Amino acid sequence: FIKNILLLILCCLSVCCGAKPGKQVLSAKNSYLLSDSAININSASLSDLEKIPHIGLTTAQAIIDFREKYGKFRKPEHLMLVPRISDKRFREIRQFIKTE
């Protein structure tokens with residue numbers, strides 16, 4: 001009985017606050033600091049891409065191949081579409097790349 005009352009209170013609070021049940025409300029945007037020497041992944045050469053931490057020759061070539069096949073990256077997050085670039089790797093290199 002007490003569990004039902006608590007559930008009812010939580011549902012009422014989420015409705016009153018505008019939150020949807022089962023959804024997490026984010027109060028702040030994800031932020032990052034862009035390095036002064038950030039590399040433009042749309043124009044970088046193979047050797048430039050290899051200067052990015054955690055990017056070796058094979059991954060740098062995969063980025064270039066992807067860029068040549070599909071065109072420029074509109075957002076840095078689109079780099080995760082490249083094979084070999086996982087979410088974890090992207091988070092490791094995010095501050096070192098840019099698209100403009």
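Coordinates for the structure precede this section.
Residues numbered from 1 in each chain as written. Predicted model: local features only at pLDDT ≥ 70, side-chain atom pairs only at ≥ 80, totals over all residues. Heavy atoms only, no water.

Just to check I follow, could you spell out the side chain of Arg94 for this structure?
Mapped onto the elements, Arg94 comes out in the loop between helix 4 (87-93) and strand 2 (97-98). No salt bridge is formed by the buried Arg94. Its closest oppositely charged neighbour is Glu77, at 4.0 Å. In this structure the side chain of Arg94 is engaged in a polar contact, spanning 3.0 Å, whose partner is the backbone oxygen of Ile97. (Helix = DSSP H or I, 4+ residues; strand = E, 2+ residues; numbered from the N terminus. Buried < 20%, exposed > 50% of the residue type's maximum accessible area, 1.4 Å probe, protein only. Lys, Arg positive; Asp, Glu negative; His and termini not counted. Salt bridge = Lys/Arg side-chain N within 4 Å of Asp/Glu carboxyl O. Polar contact = N/O pair within 3.5 Å; in protein donor to acceptor, adjacent residues only side chain to side chain.)

Which parts of the structure should I look at to understand the packing of aromatic side chains?
Working definition: an aromatic ring pair is given by the centre-to-centre distance plus the angle between the planes. According to the stated counting rule, one finds two aromatic pairs in the structure shown. Where Phe66 meets Tyr70, the ring centres are 4.6 Å apart and the plane angle is 45°; that geometry is what we call tilted. In this pair, Phe66 and Tyr70 both sit in helix 3 (residues 57-70), four residues apart, roughly one turn of the helix. We classify Tyr70 as exposed; its relative accessible area is 54%. Members of the aromatic cluster, each reached through a chain of ring pairs, are Phe66, Tyr70 and Phe73. (Phe/Tyr/Trp six-rings, centres within 6.5 Å; stacked < 30°, edge-to-face > 60°.)

When you look at a nonpolar patch on the surface in this model, what are you seeing that I'm missing?
Together, Phe1, Ile5 and Ile9 make up a nonpolar patch on the protein surface, roughly 340 Å² of accessible area in all. Tracing the backbone through its elements, the reader meets Ile5 in helix 1 (residues 2-17). (Patch = residues over 30% accessible without salt bridge, like charges linked within 9 Å, V, L, I, M, F, W, Y side chains within 5 Å. Areas by Shrake-Rupley, 256 points an atom, 1.4 Å probe, with all protein chains shown as cover.)

What am I meant to see in the nonpolar core here?
If you look at soluble globular proteins, the nonpolar side chains tend to sit buried side by side. Counting 18 residues, the largest nonpolar core has Leu49, Ile63, Leu79 and Val82 as the members making the most contacts within it. Those elements giving two or more residues to this core turn out to be helix 3 and helix 4. (Core = buried A, V, L, I, M, F, W, Y, C linked by side-chain atoms within 4.5 Å.)

The values reported here are purely geometric and, on their own, carry no functional implication.
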